[in-house]
Amino acid sequence: MRILVTGLGTFWGSRLAQQLEQIDGVESIVGLDTHEPRLPLERTEFVRADSNYSILERIVRATQVDTILHTHLIVDSTEISGRALHEINVIGTMNLLAAAGAAGSPVRKLIVKSSTLMYGSNYKDPYFFRETMPRTRPPRTRVERSLLDAAAFVRDFAIDNPHMTVTKLRFSNVLGDDINTTFSNALRLPIVPEIFGYDPRLQFTHEDDVTGALLHATLQDVPGIYNIAGDGAMPWSEVCTIVGKRRVALPPVLTNWAAEPLRMLRVVELPPEVLSMLRYGRGVDNSPFKRAGFRYQYSTAGTVDAFARGLRLERAVGDKNPAYKYERDVETFFRHSPAVLRGDA
Amino acid sequence: MPELPRDGDIQFHTVERSAPEAGRTTSPRPDEREPLEAIDTLDVDSLDPTAPGLSLVPAPRPERLDLEPEDQRIRRGDVDAWGRSENLRAIVRRVYDPIYKYWFRAEWEGLEHVPREGGALLIANHAAAIPSDAPVIMHGIETELRRPVYGLAEYLFRALPVVGTLWARSGGVPAHPDNAYRLMHDDKQLALVFPEGAKGTGKHYRDRYKLHRFGRGGFVEIAMRSGVPIVPIAVVGAEESMPTLFKSRRLAALLNIPYFPVTANMLAFGPAGLGIYFPAKFRLRVLPPVHFDVPPDQERYPRALVMEEAEKIRENIQEALYDMLRTRRSVWFG
């Protein structure tokens, strides 16, 4: 198996490459991004590309990859400007798919990491979106529009290339020790924002389940679109209680304006799509991917609990994940120190 | 469905934990008693009617079945995946019980027609400008049968701050067809729906007890798809609890609400009339459940069949209403 990972410099790209390196069946891993990987990687080859992958076709031809893992869809609109987001999500995906679908392309499998953000969040929504259900209100934010555009490209790609296995995973909000998301940033605040009078049902996915699900799709053949979310749904108030935080209410009208000072003071940035989540929440049906053989490590409650534990540890020792760093140091030692005898043990 | 065996496990666990043999040190071997018997024991013994307020709280409801034991440890609240909180319902029931018992003096017949377990769709005629029937039905079934009822209603509620949250916590669920399907088919719960919708509650007093059209029969299709019976309920009393005397179309359009009523209650009590019902006697008759002879989970069902079944149910409720009104001597005393 020869794998190309887009967005190697992002959290997910690096994570995934690191895990793919452990798998024997994976011959080679090529990673693409504008900036360097975040984690130390051993055998992944990093190619610096521009954000819309114009050199991709050459790379695909030269490396003869059979699997493309497209992790580089930006779903957190606070990370990046609107224009750059469009460039990466829409133009990037378009170029990627053009390269992957070119005549004589060696690619046989495409896996796209998307988000349940594309369902939106509205009072007319069903409590559990199925993969087949459309959103109930047209998208209003740039990130949602870009995800829908990218989704249309992926759908067309799947239709045009029936011999390929195309899997699209839509992830719900992610929490974990290492990843920063709008929700994790909000939950790190001493007082957590909510919208007065609303207590939405939310679902969370643990970061390990995100990589787990992407690996599952890589190693098994599971064509189609799947929602990924931890089992169950929980009100925002209870999430805050488990994490041990008090809440402060934003007004139910002109909420965007009220959130603006928070952004300007760099307390927390709550973009419109997150504010509507805090109003109506979102739930998705996660059963089809379970039927496709995936086992979640964490439920929604378990994800929040794991996050809360990490936060408590961080408060006590000033580090989110001390064991992790230690392990990495040891690994570096074993890998590079002249004191270590290599070759046959 | 992978969830099913797990459900069974937890149910059995609950039974064992609250088994009444307190003096017994060794837990009974599973083969010593039938699971069904055990559930009966739980029902009778774990609920002490003399304990304060307990008679209002139904048996430990099976909703926590959606939780793994690990989640039970983590969770701090009791809000289920549908937004319903049994704790809040218990408070609502305690507050509402005097109204149910001494104001409306609700009386049921045919309660045995409501299934003790498994999903079912309860449907009823709808009346009163601010509907008084939904709380009575939900309260009645929850206290009498100790089964939670999820009330399917307008999305509009969900959009309102505070009201929407309280509504969801006390068992309100937006009436999306997929929500109804999951509630009844996957979670095996009772769902209550008023097929007349706002046309029922918005009708003039002179049209009382005349059933409107039952939507487009969507409720029948959902019950067929979920593979559950429909349990029709005829309600007498709601119409007189808050009769609409005039309606203003212009004000309704201005406020963007389905209807703007001027009720007798408003004339009698002023603005407080929005919250004060007349003490009409409530009588509720549960009709025999309607089972459909079609396979569940179909993409679609023949339109003609759906409409025919919907019309049949509508007629049955209408007839039951006339029958009940024939024997009613007084609006206030029944």
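Thresholds applied
- Residues numbered from 1 in each chain as written.
- Chains lettered and ligands numbered in written order.
- Predicted model: local features only at pLDDT ≥ 70, side-chain atom pairs only at ≥ 80, totals over all residues.
- Heavy atoms only, no water.
- Contact = heavy atoms within 4.5 Å.
- Buried area = accessible area lost by both parts, 1.4 Å probe.
- Salt bridge = Lys/Arg side-chain N within 4 Å of Asp/Glu carboxyl O.
- Helix = DSSP H or I, 4+ residues; strand = E, 2+ residues; numbered from the N terminus.
- Nonpolar A, V, L, I, M, F, W, Y, C, P; charged D, E, K, R; others polar.
- Buried < 20%, exposed > 50% of the residue type's maximum accessible area, 1.4 Å probe, protein only.
- Pairing = 2+ DSSP bridges.
- Axes fitted to C-alpha atoms, helices over the stretch in contact; angles between N-to-C directions.
- Core = buried A, V, L, I, M, F, W, Y, C linked by side-chain atoms within 4.5 Å.

Draft legend 1. Structural context of the interface of chain A and chain B. At the interface, 29 residues of chain A touch 28 residues of chain B. Carbon and sulfur atoms supply 53% of the area buried between chain A and chain B, which totals about 2,500 Å² over both sides. The tally of links between chain A and chain B comes to five salt bridges. Between E238 of chain A and R75 of chain B there is a salt bridge, with the nearest N and O atoms lying 2.5 Å from each other. Counting only elements with at least two residues in the side of chain A that touches chain B, the list comes to β12 (234–235), α7 (236–243) and α11 (300–317) of chain A. The leading source of residues in the side of chain A that touches chain B is α11 of chain A, at four residues. Here the residues of the side of chain A that touches chain B sort into 14 nonpolar, five polar and 10 charged.

Draft legend 2. The arrangement of the side chain of T303 of chain A in detail. Residues and elements named next belong to chain A. Along the chain, T303 turns up in helix α11. Taking the relative accessible area as the measure of exposure, T303 reaches 0% and is therefore buried. Once you skip the residues sitting within four places of it in the chain, T303 turns out to touch L175, F204, T205, H206 and Y298.

Draft legend 3. Spotlight on the environment of I91 of chain A. On the secondary structure map, I91 of chain A appears in helix α3 (residues 82–100). For the pair I91 of chain A and Y53 of chain A, spaced 38 residues apart in the sequence, the C-alpha separation amounts to 8.6 Å.

Draft legend 4. Broad picture of the sheet that holds strand β4 (residues 172–174) of chain B. Residue and element names in this part refer to chain B. Taken in spatial order, the seven strands make up an open sheet running β1-β9-β6-β2-β5-β3-β4, and their pairing is mixed. Every interior strand has two partners, whereas the edge strands, β1 (107–109) and β4, have only one. The mean inter-strand angle of the sheet, taken between neighbouring strand axes irrespective of direction, is 25°. Sheet topology note: the strand β6 (residues 230–236)/strand β9 (residues 283–286) ladder contains four bridges and is antiparallel. Across the sheet, A234 pairs through a bridge with R285, a residue of β9.

Draft legend 5. Region of interest: the nonpolar core. All names here are of chain B. One finds L121, I123, F219, V220, I230, I313 and I317 to be the most contacted residues of the largest nonpolar core, which totals 39 residues. In terms of residue count, the dominant contributor to this core is helix α14 (residues 303–326) (seven residues). In this view, I317 contacts I123, N125, L211, F214, P232, I233, A234 and L287; residues no more than four positions away in its chain are not counted.

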